[in-house]
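Summary of the model geometry
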Amino acid sequence: MQDVQSRVSQTGAQILLDSLEKAGVQVLFGYPGGAVIPMYDALYDNLNGIEHILVRHEQAAAHAAEGYAKATGKPGVVLVTSGPGATNTVTGIADAYGDSVPLIVISGQVGTHGIGTNAFQELDMLSITSSITKMSYQVHHVDELPSIVAEAYQVATSGRPGPVLIDLPKDITLESGMSGTLPSQSARKINLTEPALNLTKIQELVEGLSRAKQPVIIAGAGVLKANAQGLLRQLVNQYHIPVVSTLLGLGAMTSDNPFFLGMAGMHGSVLANTALDQADFILNIGSRFDDRVVTNAKDFSRHATIAHIDIDITEIGRVLETAYQIHADAYEALSAILKFSEFKKMAITKDWQSKNQQQPNQPIFDYPETDQAIMPQTVIENIGQLTKGKALIVTDVGQHQMWVAQHYPFQDNHQLSTSGGLGTMGYGIPAAIGAKIAKPDREVVLFVGDGGFQMTSEELAILNDNNLNIKIVMLNNHSLGMVRQWQTLFFNQRLSQTVFDTQPNFGKLASAYGINYMLLDQPDSLTDDLQRAFASEKSILIEVIIPEDAQVLPMINAGAPYRDMITWGENK
């Protein structure tokens with residue numbers, strides 16, 4: 001009876017915090033406003049021990065929650081106010097949806113009696129986010145809160161992970177209520193049943209793979225989300241099958257595995273792309289076959305039989321005709337494949353194996369070296385050595401993102417946080433903050449361009465607020481480098497609005513936010529300078545001046561076949 005009375009006396013805000021705590025939530029990323037004042041009042045007492053990180057813009061709250069989620073595999077949780085506070089999170093929600101990141105966004109709403117009246121800061125967030133969330137809820141009664149939070153957590157993490165929205169009217173947070181005795185009110189229903197593994201289809205896939213003479217495995221993000229990288233490595237090492245990675249699949253294979261050919265696709269390695277082009281069998285595990293990998297669907301791996309394993313059945317057969325369709329979690333599927341393949345003799349040829357291996361002391365990705373300027377690839381390789389390939393790496397979006405994908409020696413799961421599907425500039429700084437809060441004992445390195453840096457630089461204020469030590473490596477080419485590269489290669493070098501005539505004094509900006517700063521512009525002292533910078537005991541902005549015309553190669557133009565890949569020394 002006493003427990004019931006104590007729960008009756010709780011407000012909706014307190015019940016919500018209790019529900020989040022029971023779900024395992026430890027951190028909230030947010031920004032207060034009128035519609036969520038009761039929530040922040042409840043947070044004032046901090047009875048649940050939930051840490052709140054005050055961002056400087058709501059978009060950053062979503063990106064920081066993404067960084068937290070990618071570093072842990074657990075949902076990142078966002079709390080923002082109604083109207084513009086909620087709409088400012090839309091880019092982050094869309095980013096999480098594209099990259100299958102578990103996110104719970106709690107958006108304030110006007111009181112229930114004001115909904116539908118065009119009240120101050122009222123917006124229909126359920127409709128706005130319907131295409132970029134797995135589920136949307138609007139709370140209609142205080143007693144629904146525990147069941148909604150529990151279900152939202154389950155939805156965000158089950159199957160193919162993704163973002164969930166909880167629209168929270170202000171009066172609900174002020175009312176008193178019991179524990180969740182009412183069913184949750186979701187905007188649409190979703191099937192949370194995990195797919196049953198079809199062993200007959202697995203056996204058929206293994207039969208097809210065993211007959212292949214020139215097979216290639218594509219490792220996508222689904223391998224990492226299922227924590228199946230160990231099984232993938234076992235399969236590759238046992239049968240010496242060449243394996244390539246998508247951007248979001250980096251870390252599924254250790255970078256030094258002799259049968260790992262690097263990233264594939266638009267900026268993939270020559271070795272990876274050539275292998276895909278010549279393959280007679282492709283086993284795709286947890287990748288969407290997106291247009292950055294399948295640059296031309298009609299020409300892609302035109303001699304190969306396609307097998308596709310994915311937790312999301314809607315992705316199988318969407319882009320390419322697929323002979324072996326496996327709707328399953330990557331861990332379960334790989335476990336079954338290994339059991340069946342134990343009894344099979346593989347037809348893969350020794351010639352295929354020998355020509356699709358990393359060569360000792362021969363990097364997968366080449367680039368022109370010079371002693372006249374600092375090359376961005378050299379910076380990343382140096383930092384890879386300095387961190388022994390074990391740092392949590394966060395990138396913004398642009399050329400530096402691809403250079404990192406090509407040259408950092410990734411080793412494991414939860415190591416890379418980047419915006420893949422949506423390609424959101426400004427993602428980097430807040431995502432790095434989220435990653436560091438998730439893993440305070442790990443080295444966190446952010447690679448960012450001068451363009452993306454200026455989109456969310458206000459979030460640098462969080463670093464000292466929370467005593468965070470992040471190494472921020474800004475590769476400064478005074479340009480929107482990736483767009484500039486496209487203009488150079490495909491638009492007759494007409495550099496329209498891609499060169500920054502004016503930039504801030506980044507050293508003074510770092511000082512204004514109370515973090516350290518180093519300028520690196522001398523190639524002959526790069527290694528020593530980086531070692532000194534990484535010895536910093538607090539966050540540091542490392543500005544590296546790189547050539548304005550530095551390019552990311554290899555490159556395949558959008559819509560072009562792999563055979564038209566542009567490599568170093570070519571002029572197309």
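You'll find the structure just up there.
In short, a report on the structure. (Residues numbered from 1 in each chain as written. Predicted model: local features only at pLDDT ≥ 70, side-chain atom pairs only at ≥ 80, totals over all residues. Heavy atoms only, no water.)

Some points on the nonpolar core
Within the largest apolar cluster, 93 residues are counted, with the highest numbers of intra-cluster contacts made by L232 and F300. Broken down by element, the residue count for this core peaks at six residues, all from helix 14 (residues 330–341). Not counting chain neighbours up to four residues away, the residues in contact with F300 comprise I218, L276, I282, F289, V293, V294, L320 and Y562. Counting residues in hydrophobic clusters, the runner-up holds 49 residues, among them L103, M125, A432 and V448. (Core = buried A, V, L, I, M, F, W, Y, C linked by side-chain atoms within 4.5 Å. Buried < 20%, exposed > 50% of the residue type's maximum accessible area, 1.4 Å probe, protein only. Helix = DSSP H or I, 4+ residues; strand = E, 2+ residues; numbered from the N terminus. Contact = heavy atoms within 4.5 Å.)

As for helix 4 (residues 58–72)
Here helix 4 spans 21 Å end to end across 15 residues, near enough to the 21 Å set by a 1.5 Å rise per residue. Helix 4 sits mainly inside the fold: 14 of its 15 residues count as buried. (Expected span 1.5 Å × (residues − 1).)

Some points on the pairing of strand 17 (residues 516–520)
One ladder, built from five bridges, connects strand 17 with strand 18 (residues 540–545); its direction is parallel. Across the sheet, residue L519 finds its bridge partner in strand 18, namely E543. The β-α-β motif built from strand 17, the intervening helix 23 (residues 526–534) and the parallel element strand 18 has right-handed crossover chirality. (Pairing = 2+ DSSP bridges. Right-handed = clockwise from strand over helix to strand, strands pointing away.)

Some remarks on unusual backbone geometry
Here the amide bond leading from L553 into P554 is cis, since omega sits at 0 degrees, within 30 degrees of zero. Not every positive phi belongs to a glycine, and N227 is a case in point at roughly 55 degrees. With phi around 60 degrees, Q493 is a residue other than glycine that occupies positive phi space. Checked against the element boundaries, Q493 lands in the loop between helix 21 (481–490) and helix 22 (506–512).

What to know about the sheet that holds strand 13 (residues 392–395)
Two pairing modes exist for strands in a sheet, parallel and antiparallel, and in both the strands are linked by backbone hydrogen bonds. Spatial ordering of the open sheet is given by 14-13-15-16-18-17, a layout of six strands whose pairing is parallel. The sheet is open, and its two borders are formed by strand 14 (416–417) and strand 17, each paired with just one other strand. Relative to strand 15 (residues 444–449), strand 13 runs parallel, the two being bridged by four bridges. Across the sheet, V394 pairs through a bridge with L446, a residue of strand 15.

Focus: the side chain of T129
Structurally, the position occupied by T129 is in the loop between helix 7 (125–128) and strand 5 (135–138). Apart from residues no more than four positions distant in its own chain, T129 is found in contact with V90, I93, S136 and L165.

Quick word on the environment of L320
Considering the arrangement of structural elements, one finds L320 in the loop between strand 11 (305–310) and strand 12 (324–327). Once the C-alpha coordinates of L320 and F289 are considered, the two residues, 31 residues apart in sequence, prove to be 7.8 Å apart. Once you skip the residues sitting within four places of it in the chain, L320 turns out to touch F289, V294, A297, F300 and I306.

Some thoughts on helix 8 (residues 145–157)
In a regular helix each residue adds 1.5 Å, so 13 residues correspond to 18 Å; helix 8 covers 19 Å between its end C-alpha atoms and thus fits that length. Among all positions in helix 8, only L145, I148, V149, A152, Y153, V155 and A156 are buried. Relative to the axis of helix 8, the buried residues are bounded by an arc of 165 degrees and lie together on one face. One or two positions beyond helix 8, positive phi appears at G159, with a value near 55 degrees. (Arc of directions from axis to C-beta.)

A closer look at the pattern of salt bridges
If you walk through the whole model with that rule in mind, you get 13 salt bridges. Two residues, D312 and R160, come together in a salt bridge whose shortest N-O distance is 2.8 Å. Taken together, the residues span a long stretch of sequence, with D312 in the loop between strand 11 and strand 12 and R160 in the loop between helix 8 and strand 6 (163–169) at a distance of 152 residues. Residue classification places R160 among the partly exposed positions, given a relative accessible area of 22%. As a salt-bridge pair, K471 and E443 come within 3.3 Å of each other at their nearest N and O atoms. You can see K471 sitting in strand 16 (residues 470–476) and its partner E443 sitting in the loop between helix 18 (428–438) and strand 15, a full 28 residues away along the chain. Taken together, the shared-partner salt bridges connect R160, D312, E315 and R318 into one network. (Salt bridge = Lys/Arg side-chain N within 4 Å of Asp/Glu carboxyl O.)

Describing the packing of helix 4 against helix 6 (residues 90–98)
Between helix 4 and helix 6, the least distance of the axes is 7 Å, while the angle of their chain directions is 25 degrees. Taken together, the axes of helix 4 and helix 6 are roughly parallel relative to one another. Side by side, helix 4 and helix 6 meet where Q59, A62, H63 and E66 of the first sit next to T91, G92, I93, D95 and A96 of the second. Here the contact of helix 4 with helix 6 is built from residues that sort into three nonpolar, four polar and two charged. (Axes fitted to C-alpha atoms, helices over the stretch in contact; angles between N-to-C directions. Parallel < 35°, antiparallel > 145°, perpendicular 65-115°, else oblique. Nonpolar A, V, L, I, M, F, W, Y, C, P; charged D, E, K, R; others polar.)

Description of the sheet that holds strand 11
Spatially, 9-8-7-10-11-12 is the arrangement adopted by the six strands of the open sheet, whose pairing is parallel. What marks the edges here is a single partner per strand, and that holds for strand 9 (260–263) and strand 12. Strand-to-strand, the axes of this sheet are offset by a mean angle of 15 degrees, without reference to chain direction. Bridge count between strand 8 (residues 243–245) and strand 9: two bridges; the pairing is parallel. Its bridge partner lying in strand 9, S245 is registered against M263. Sitting on the sheet, helix 10 (residues 199–211) touches strand 7 (215–219), strand 10 (281–285), strand 11 and strand 12, and the angle it makes with strand 12 is about 135 degrees.

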